[in-house]
Amino acid sequence: MINIADPPITITAKTIVENYNSFARVEGHPESLHLYSNGKRFYGEWDYGQNFKNISGYKGAYSLQDLVRLEAAIPDMGNLLHLFSGSIPSGPYSRLDSNFAVIGSQIPGRDVVGDATEAHKYFDPDSFDVVMADPPWSKYHSEEIYNCSLVDKTKVLKSVYQILKPGGILIWKDFAKPIWSGSEYEYLGRICIDPSSGHDDRSFKFYKKKESL
């Protein structure tokens, strides 16, 4: 088991909206994130125009704009885990992917080659402030692009729940909303990505681990 212990940080729907919109003003982007009237959830859309350049040539890799804008929305991600990390380079965070070839050189005590449905077997409970997950979206993506079976997304959310700190955030990129438990997570909102022509719709869904059951 990998132990990653630091005090938790506070991330809310309001801080996500305020941080991103401040960044957008500076960069000349629309202030496109909005709070619902109850102040507990948010919604929005990001339009990348033609700037869909990925971080690498690996199929399904994050867009550079994905990471820039998520980091603007949550400037301090504390202890961060990239789940289904793909070609994310090593850095001051942990990575977990089933493919050793894309993990590359593992950093001891941080990186794991393994099954995302068993993340809780590799990391201690309450380890992470933020988990970013970009799983294969469909049976086609899994079998034709990644040569693997479609992951059980409900099991992944159950496993992530165990390694998130109370109040920690799961950022889930997909074209569909996974099945999740209201006794474990609070749904904070989503950001839709306006796709380029011929590409799937996708969005980031934000889930917050409840402080206590």
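Please refer to the structure higher up on the page.
The structure presented is a predicted model; accordingly, all values stated were derived computationally and were not measured.

Reading the values: rules and limits
Residues numbered from 1 in each chain as written. Predicted model: local features only at pLDDT ≥ 70, side-chain atom pairs only at ≥ 80, totals over all residues. Heavy atoms only, no water. Pairing = 2+ DSSP bridges. Helix = DSSP H or I, 4+ residues; strand = E, 2+ residues; numbered from the N terminus. Contact = heavy atoms within 4.5 Å. Axes fitted to C-alpha atoms, helices over the stretch in contact; angles between N-to-C directions. Core = buried A, V, L, I, M, F, W, Y, C linked by side-chain atoms within 4.5 Å. Buried < 20%, exposed > 50% of the residue type's maximum accessible area, 1.4 Å probe, protein only. Phe/Tyr/Trp six-rings, centres within 6.5 Å; stacked < 30°, edge-to-face > 60°. Lys NZ or Arg CZ within 6 Å of the ring centre and 35° of its normal.

**Here we look at the sheet that holds strand E1 (residues 33-35)**
Then, number 1: Read from one edge to the other, the open sheet built from 9 strands follows the order E1-E2-E8-E9-E7-E6-E3-E4-E5, with strand pairing classed as mixed. This sheet does not close on itself; its edge strands, each paired only once, are E1 and strand E5 (112-113).
Then, number 2: Bridging between strand E6 (residues 128-133) and strand E7 (residues 164-174) involves 5 bridges; their strand directions are parallel. Within the sheet, the bridge partner assigned to valine 131 lies in E7 and is leucine 170.
Then, number 3: Along the sheet, helix H2 (residues 64-73) contacts strand E2 (42-47), E6, E7 and strand E9 (202-209); its crossing angle with E2, the most-contacted strand, is approximately 145 degrees.

**Section: the nonpolar core**
Side chains that are nonpolar tend, in soluble globular proteins, to be buried together.
Then, number 1: Ranked by size, the top nonpolar core spans 30 residues in total, and within it Ile16, Trp46, Met132, Ile171, Phe204 and Phe206 carry the most contacts.
Then, number 2: Going through the elements one at a time, helix H1 (13-27), E2, H2, E6, E7, strand E8 (185-194) and E9 are the ones with two or more residues in this core.
Then, number 3: When residues of this core are assigned to their parent elements, the largest contribution, 6 residues, is made by H1.
Then, number 4: Those residues in contact with tryptophan 46, other than ones at most four positions away along the chain, are Tyr20, Ser32, Leu33, Asp66, Arg69, Leu70, Ile191, Cys192, Ile193, Asp194 and Phe204.
Then, number 5: Listed in part, the 23 residues of the second largest apolar core include Val112, Phe128, Trp172 and Tyr187.

**Side note on the packing of aromatic side chains**
Then, number 1: For the structure on display, the rule yields 12 aromatic pairs.
Then, number 2: When the centroid spacing of 6.0 Å and the interplanar angle of 65 degrees are considered together, the rings of tyrosine 185 and tyrosine 207 count as edge-to-face. With tyrosine 185 in strand E8 and tyrosine 207 in strand E9, this pair connects stretches of sequence that are 22 residues apart.
Then, number 3: On the basis of relative accessibility, which here comes to 0%, the residue tyrosine 207 falls in the buried class.
Then, number 4: A network of ring pairs unites the aromatic residues Tyr161, Trp180, Tyr185, Tyr187 and Tyr207 as a single cluster.
Then, number 5: The positively charged end of lysine 177 is found above the aromatic ring belonging to tyrosine 187, 4.0 Å away from the centroid.

**Thoughts on unusual backbone geometry**
A negative phi holds for most residues other than glycine; trans holds for most peptide bonds.
Then, number 1: Although it is not a glycine, phenylalanine 84 adopts a positive phi angle of roughly 55 degrees.
Then, number 2: Mapping phenylalanine 84 onto the fold places it in the loop between strand E3 (80-83) and strand E4 (94-97).
Then, number 3: Positive phi values are uncommon outside glycine, yet aspartate 126 reaches one of about 55 degrees.
Then, number 4: Residue placement: aspartate 126 occurs in the loop between helix H4 (119-122) and E6.
Then, number 5: The exposure class assigned to aspartate 126 is partly exposed, which follows from its relative accessible area of 38%.

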